[in-house]
Amino acid sequence: MERTPYNIALLDIFLQAMGEGFAKNVLCFEGNGGLDPNNFKQKVSKMREGNIKQAKEVRDSVSIGLRRFVDGAATDSTEKYCRKEGSDKYTNFFRGLWLPLDFPLKKILPENFFYEENEAVLAYQVAQWLVKSCEKEAGCSIDPRDVPGYQTLTLEDRKKYDEQVQQVFRPEYYSALWDVVKHGAGNKTFYKWPIDELYKECDGQKQKIDEIIRYVFRDNDGNVSSTFKKLKVESGVRQWTTFDKLFQNELKDDELKAKLQDGNLLERYQVFQSRMINAFVLENLRAVLPREVGNDLAIKIFELLFRHVKGEPVDLKAEFLVPEHDRKTTEDN
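Below you will find a few notes about this structure. (Residues numbered from 1 in each chain as written. Predicted model: local features only at pLDDT ≥ 70, side-chain atom pairs only at ≥ 80, totals over all residues. Heavy atoms only, no water.)

**Brief notes about the packing of aromatic side chains**
A full pass over the atoms with the stated rule returns 20 aromatic pairs. Each ring, one from Phe-113 and one from Tyr-124, has its centre 6.1 Å from the other, and the planes form 70 degrees; the classification is edge-to-face. Of this pair, Phe-113 sits in the loop between helix H5 (91-98) and helix H6 (118-133) while Tyr-124 is found in helix H6, placing the two residues 11 residues apart along the sequence. On the accessibility criterion, Phe-113 (16% relative accessible area) is buried. (Phe/Tyr/Trp six-rings, centres within 6.5 Å; stacked < 30°, edge-to-face > 60°. Helix = DSSP H or I, 4+ residues; strand = E, 2+ residues; numbered from the N terminus. Buried < 20%, exposed > 50% of the residue type's maximum accessible area, 1.4 Å probe, protein only.)

**So, the packing of H6 against helix H14 (residues 265-293)**
Running from N to C, H6 and H14 point in directions that differ by 155 degrees, and their axes come no closer than 10 Å. In terms of orientation, H6 and H14 fall into the roughly antiparallel class. Contacts between H6 and H14 involve Glu-119, Leu-122, Ala-123, Val-126, Trp-129 and Leu-130 on the former and, on the latter, Leu-285, Leu-289, Glu-292 and Val-293. Taken together, the residues of the contact of H6 with H14 break down into 8 nonpolar, no polar and 2 charged. (Axes fitted to C-alpha atoms, helices over the stretch in contact; angles between N-to-C directions. Parallel < 35°, antiparallel > 145°, perpendicular 65-115°, else oblique. Contact = heavy atoms within 4.5 Å. Nonpolar A, V, L, I, M, F, W, Y, C, P; charged D, E, K, R; others polar.)

**Here we look at unusual backbone geometry**
One non-glycine residue, Glu-79, adopts positive backbone phi at about 50 degrees. Following the sequence through the fold, Glu-79 ends up in the loop between helix H4 (52-71) and H5.

**Structural notes on H14**
An α-helical turn contains 3.6 residues, so a residue and the one three or four places further along point in the same direction. With 29 residues, H14 extends 41 Å between its outermost C-alpha atoms, agreeing within 8% with the 42 Å of an ideal straight helix rising 1.5 Å per residue. Maximum bend of H14: about 35 degrees, positioned at Ala-287, with proline Pro-290 one to four residues after it. Backbone geometry just after H14 places Gly-294 at a positive phi near 95 degrees. (Expected span 1.5 Å × (residues − 1). Bend = angle between axes of the 7 residues up to and from the residue.)

Given below as structure tokens:
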């Protein structure tokens, strides 16, 4: 496999992890080049055949769509997914799981792979991507009092601004990916911990959380969907459409917003959103990787990721590449 197809393979794996409905709901909107689900699907099909031009168009479409997803009114007048001013709610997902893949498709990779099997190289690159993405980021330390003009605001406006800053920069947003991985080891799925934690952090408000979950994950009959009930115990690929309402801007949904007014429910729900989007990508990756790199290598990728968050050193080259990879490739050049 040449260098460019490896890059395409990584982009393709990311798209598979985003699930059915991702293109329709996130990428296909006015301002994204007239994209619709059918022509996007055609572009992806040609990309998988090695078409660099189509791969670039796919990557650019995803990049534009995800910018809109996280930027609020700056790129989305409807504020469908993010509050007007934007939010760091999805910072780990966007900066950690997407931006490392938003590279030039003809970028020269740092290593040459003369001796490795294709699956081993791809597994190595996926592991690199996830391990580098999964870091504990420092939370935002903005003090509203230091913002120009803050001192001239009325007390009521200061309160509103303080609440806005708190919602946009919750400290849990910056460790969401790390926390989901850390607590995912040994669980059936990555969803278990975020769901359990939501109920735990809203202790005494189970009935209210049940009501919110029914509203967000309901079937047509108004009951909690069977898909949600299985999230904690049944692994496998889930579709974007299942989670689309959860990932949307709760402040633009009057009925949901009203349900979140009690106690600290809004705060905990926003943290839940942050954790669940990372769990969604991780769980889908764990399901799709075996067909891309084989079951053994897929298992190894996540074993190494779990070791990484425990603070254990991981040597990815030793795990995936041939012995003395660096020396051999250096001598051959």
